[in-house]
Structures are given as structure tokens and as C-alpha cells.
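Notes for the structure review
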Amino acid sequence: MAEKVDTKEEGEVYVASTGATYSAPKFDAETVRKYRENIYLAGALDKQQRTLFRDRKDFAVYAIDPDTNEPDLDISHRMLTMVKAAEVDLWNKAQICWRESATWGPALFNPVWGYKGNEYVLLKLRHLPSEKFAQPGNTFSYIRNELLPGICLNDEGKIEFWQRQANGQVKKLENVVMMTDPVRLGLGGTPLIKPVIPVIRMLDFSWTGQMQQNNRLGAGGLFFIRVSRPQRDDVEYAQKIIKNINRGVAYQLRENMELVNLGLAETATALETIQALDQLIGNYFSPTKAISKDGTLIGGSSNPEYDLYMSYIHGQQSWVEAAFEYLLQPYLDVNGYDGYRVMIDIPAPQIEKSELWLRVAEIGYKTQSMGVAERRKILSWTGADLVELKDEEIDKL
């Protein structure tokens, strides 16, 4: 006879005012696969990615000379040529790194180094999709990544990577570089999207309710069916109509049936909930909420808002830059550039400040605290095409 074991209730359950219950959603690899293409989630990630990576032509890789602490232009040019090669393509790999970290936690790459002549170079940088590490490998470990148990710590404290192959087998990989945002703790980090998943589920539930409401409106709104002298299956047939009628499904009433419209309008509760949840996701992914002031956003406001916005951008870009700087450092070390270090620059977006400079020039004129030459210089910063004047022409002006 099996021994009876006491069990306990676990997990979180939410009870709504309507009496319905909602269990906290499970967060695993299958959840990420299901929701990563959701219109709300994918849209928010796309917008943030396009903000962080928007200027490829100014993307730069430098080799910093330890003696001068300035870029060595010759070495920097060779490194930039190396990372722009099609098999490396560091610009797009940097975007993949950020997106994978936001979605899964870790971004995984297989760097292939080798010699071209006498120069040690990065020949290929292969992206290893994170979802392929969602199965545990043939090893024992107490510490595994929450989403991707194929990433684990062995008995020696070293990270192992077990990847599912095309044939279904799970294989241990040896040459893997893992990149992740250091502020999101844990082995492999925590996905940026994790707090948003319950909100996405709520949105799905709300949209289902909204579509059900649309179907009811298309069928005539809220109504009863009055059945006079019911016989045989009249009541069951009326219940079937109530349950199934919608915009695309119509039924014919029997002779002893009458439609009674209650005249009650549907509420906007579902749409209001959807709008609130949508705004919640937008606020989570964007610094706009934090940097807005009395409804005015950056670009036409004050420097504090602009500085806060740029701090957010630089914070997101800096960990990606640092991860790839570490990846490329072997180029300098193996090729004998002792003391040299790699510096990567992902260009930050430039905010339109023409209105601000125009106001500065106007105030400078009204207060007579700026001369003509100073005001003309400021106007040139707004894009105005001003011809340089001689001193006598300025005096005349």
C-alpha cells in the first residue's frame, strides 16, 4: 500500500471581484516561444532595438594605445575591417545579442579564431540560438539557468553549455561565449521580458472578452428568448441560440419563440482594461514616462530630461559594448599589442535641439548678452546655411 504523503498548496492565485480565479502564469522556454512574437511584446522590443541601434555608419571599433590612451588608427582600421566581414558582421551580432538577452536572458555565440597569414583574426562569429539550450544535458548540477537548463554549473564551478542538435541529441559545446546584461542577475541573467508575460496573458484574456462582446452586439446585444408553451426540445433550442449566436451564426426562431431585447448597452470595460495594460507595457520598456514633464517630451524641453534619456540609452548600449570588447581582446593579445585594449562605440541617437538653440539666440538678442557673430554661430547649429561675414559686414548688420 502506498504511503500517504501530505501535500501543500503552492504558487500564486489571484481571486477577482467577480469570483473568478487567475493563476500566476508559468515562465519557461515554451512561454517565451509562445509570446515573443506577440504584437505588444514584439512591437515594444522592436522600437527599443531601433532606438539603441540606429546609426550603422558611425559604428566604430578602436584599439587604444596604452601610452597615449588614444586610438591607434592603423590597428583600429584593421579591426574594423575584420568585424565588418560577412562571416562576423559585428553590427548585426550586437543587435542579436541585445534582443536575445531581452528575450531569453543570455546571448550565446561561437567565435572562430584563426590565422590569415601571420595575423590572428576572428574568422567567424556564429550565433547559437538560445532556445536550443532549453533541455538539460547529461550532467548533474544544482545550478541551472531558469529558462535554459542546458546552461549549468559543473562540480568545478565552470559553466557548461548543452545544445539540442538537429537529430534531437543534446551535445556539450566547448567554444561558447555567453553575453548578458550584468544587472539582471542569475546564471545567464534574467530576461527583460519576464515581468511583462503576465500582462500579455491579461491582454489575451481581455481581447477574448472584447471579441465575445462584439459577437453579442452583432447578434442584437443583450436579450432573452421568451418561449410560450414549450414542447419537446424548445428550451434546449433557445439555450443553444443564446449560447452560439454571433455575427457569423444566425438561427431561425420557432413559432412559439419571441426575442426580448433588454435595451442594455455593453460596457467598455474590456477596452479600458486593454488600454491600461498596453500603457503599462509601454511604460516598462520605454524611458519616456520617466523623462516626460507636464506632457512635454525630450527634444523641446529641458536638459535634465535629455540627460536622463541619454543615460538610459548609454546604459543599454554599454553592456553590449563591453561584452564584445571582451570578445575581441584576443586579437590584440595574440598579435603582440601588449597593453592595448579594445573600445567599441555604438552611436547614441541624436536628439533634435534646433528649437532650443533658436530660443538661446533669441534670448541672447533680447538681453543683448550676445553679439551678432555669436548669434549667427548658434543659428548655424540649427542647420541654417549662413555665409561667413567679414568684420565690417558684421558691424553694418
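Residues numbered from 1 in each chain as written. Predicted model: local features only at pLDDT ≥ 70, side-chain atom pairs only at ≥ 80, totals over all residues. Heavy atoms only, no water.

**Things to note about the overall build of the chain**
Using the following cut-off: Numbering of helices and strands runs from the N terminus; a helix is a DSSP stretch of H or I covering at least four residues, while a strand is a stretch of E covering at least two. Three labels apply to residues, based on accessible area from a 1.4 Å probe with only protein chains included: buried if under 20% of the type maximum, exposed if over 50%, partly exposed otherwise in between. Contacts are residue-level and defined by heavy atoms, with any inter-residue pair within 4.5 Å sufficient. Exposure was quantified through the Shrake-Rupley algorithm and a 1.4 Å probe, taking into account, for residues, occlusion by the shown protein chains and nothing else.
Within the chain one finds 12 helices and 12 strands. For the chain, the residues scored as buried account for 36% of the 397 residues in total. When contacts within the chain are restricted to residue pairs at least 6 apart in sequence, those whose partners lie at least 24 apart make up 64%. Carbon and sulfur atoms form 52% of the exposed surface of the chain, whose accessible area is close to 24800 Å².

**Considering the sheet that holds strand E4 (residues 107-116)**
Note the cut-off: Two strands make a pair as long as DSSP finds a minimum of two bridges between them. Note on geometry: axes are C-alpha line fits, over the in-contact stretch for helices, and angles between N-to-C directions span 0 to 180 degrees.
Pairing in this open sheet of three strands is antiparallel, and the strands run E5-E4-E9 from one edge to the other. Both edges of this open sheet fall to strand E5 (119-128) and strand E9 (177-179), since each of them pairs with a single strand only. For this sheet the average axis-to-axis angle between neighbouring strands, irrespective of direction, equals 35 degrees. Here E4 pairs with E9 via three bridges, running antiparallel. Following the sheet pairing, Ala 107 is matched in E9 by Met 179.

**Quick notes on the environment of Ser 130**
Counted only if it meets this: Definition of a polar contact: a pair of N or O atoms within 3.5 Å, with one able to donate and the other able to accept a hydrogen when the atoms are protein atoms, and with sequence-neighbouring residues admitted only if both atoms are side-chain atoms.
Tracing the backbone shows Ser 130 in the loop between E5 and strand E6 (151-153). Separated by 26 residues in sequence, Ser 130 and Trp 104 have C-alpha atoms that sit 6.8 Å apart. Setting aside residues up to four positions removed in sequence, Ser 130 forms contacts with Glu 100, Trp 104, Pro 106, Ala 107, Leu 108 and Leu 148. Side-chain polar atoms of Ser 130 contact the side chain of Glu 100, separated by 3.0 Å. Only 2.9 Å separates the side chain of Ser 130 from the backbone oxygen of Pro 106, close enough to count as a polar contact.

**Quick notes on empty space enclosed by the protein**
Applied cut-off: Using a grid of 1 Å spacing that covers the protein atoms alone, one calls a set of points a cavity when a 1.4 Å probe fits there but cannot get out, and a pocket when the set is open and has protein on both sides within 12 Å along at least five of seven lines; lining residues are those with an atom within 4 Å of a point. Grid points are joined across faces, edges and corners, and a volume is the space filled by probe spheres set on the points. Think of it as three bins: nonpolar holds Ala, Val, Leu, Ile, Met, Phe, Trp, Tyr, Cys and Pro, charged holds Asp, Glu, Lys and Arg, and polar takes everything else, Gly as well.
The final tally for this structure, using the stated rule, is two cavities of 30 Å³ or more. Taken as a whole, the second largest cavity encloses approximately 30 Å³ of empty space. Lining the second largest cavity, in full, are Phe 59, Leu 90, Ala 94, Val 320, Glu 321, Phe 324, Ile 344 and Ile 346. Looking at the lining of the second largest cavity, the elements that each hand over two or more residues are helix H4 (90-104) and helix H9 (303-334). The element that contributes the greatest number of residues to the lining of the second largest cavity is H9, accounting for three residues. Residues that form the lining of the second largest cavity fall into these classes: seven nonpolar, no polar and one charged.

**What about the packing of aromatic side chains?**
Formally: The pairing test for Phe, Tyr and Trp rings, Trp by its six-membered ring, is centres within 6.5 Å, and the orientation test on the planes gives stacked under 30 degrees, edge-to-face over 60, and tilted for anything in between.
For the coordinates displayed, the defined rule picks out eight aromatic pairs. Linked through ring pairs, Phe 53, Phe 59 and Trp 91 together constitute an aromatic cluster.

**A short note on the pairing of E5**
The sheet contact formed by E4 and E5 spans nine bridges and is antiparallel. When the bridges of E5 are listed, Trp 113 appears paired with Leu 122. Adjacent in sequence and paired antiparallel, E4 and E5 are bridged by two residues, among which Gly 117 carries a positive phi angle near 70 degrees.

**A short note on the nonpolar core**
What counts, and what does not: The criterion is simple. A nonpolar core is a set of buried Ala, Val, Leu, Ile, Met, Phe, Trp, Tyr and Cys residues joined through side-chain atoms within 4.5 Å.
Grouped together as the largest cluster of nonpolar side chains are 71 residues, with contacts concentrated most on Val 61, Met 179, Phe 324 and Leu 328. Counting residues per element, this core draws most heavily on H9, which supplies 11 residues. Those residues in contact with Met 179 that sit more than four places away from it in its chain are Cys 97, Gly 105, Pro 106, Ala 107, Phe 109, Trp 319, Ala 323, Phe 324 and Leu 327.

**Describing the environment of Ala 323**
Tracing the backbone through its elements, the reader meets Ala 323 in helix H9. Sequence separation between Ala 323 and Pro 182 is 141 residues, and the spatial gap between their C-alpha atoms is 9.9 Å.

**Things to note about the packing of helix H2 (residues 39-52) against H4**
Stated precisely, the cut-off is as follows: Left-handed is the label given to a crossing in which the near helix is rotated counterclockwise from the far helix by less than a right angle, and right-handed is the label when the rotation is clockwise.
Contact geometry for H2 and H4: axes closest at 11 Å, N-to-C directions at 145 degrees. Crossing angle aside, the handedness with which H2 passes H4 is right-handed. Counting all contacts with H2, which are made through Ala 42, Leu 45, Asp 46, Gln 48, Gln 49, Arg 50 and Leu 52, the residues of H4 involved are Gln 95, Trp 98, Arg 99, Ala 102 and Thr 103. Per-class residue counts for the contact of H2 with H4 are five nonpolar, four polar and three charged.

**Looking at the pattern of salt bridges**
To keep it simple, the criterion reads: What counts as a salt bridge is simple: a side-chain nitrogen of Lys or Arg found within 4 Å of a carboxyl oxygen of Asp or Glu.
Scanning the model with the defined rule gives 12 salt bridges in all. A salt bridge links Glu 119 to Arg 78, with the nearest nitrogen and oxygen atoms 3.4 Å apart. Taken as a pair, Glu 119 in strand E5 and Arg 78 in helix H3 (residues 73-84) lie far apart in primary sequence, 41 residues in all. Each of Glu 30, Arg 33, Arg 36 and Glu 131 takes part in one network of salt bridges that share partners.

**Some points on H4**
The condition that has to hold: Helix span, expected: 1.5 Å multiplied by one less than the number of residues in the helix.
Taking 1.5 Å of rise per residue, 15 residues should cover 21 Å, and H4 covers 20 Å from first to last C-alpha, within 8% of that figure. Along H4, 12 of the 15 residues are buried, which leaves the element largely enclosed by surrounding structure. In the segment just after H4, Gly 105 is the residue with positive phi, at about 115 degrees.

**Side note on the sheet that holds strand E8 (residues 170-173)**
Remark on secondary structure: sheet strands pair via backbone hydrogen bonds, oriented parallel or antiparallel. With respect to topology, three strands assemble into an open sheet ordered E6-E7-E8, the strand pairing being antiparallel. Each of the sheet's edge strands pairs with one partner strand only, and the pair in question is E6 and E8. On average, adjacent strands in this sheet sit at an angle of 35 degrees to one another, irrespective of strand direction.

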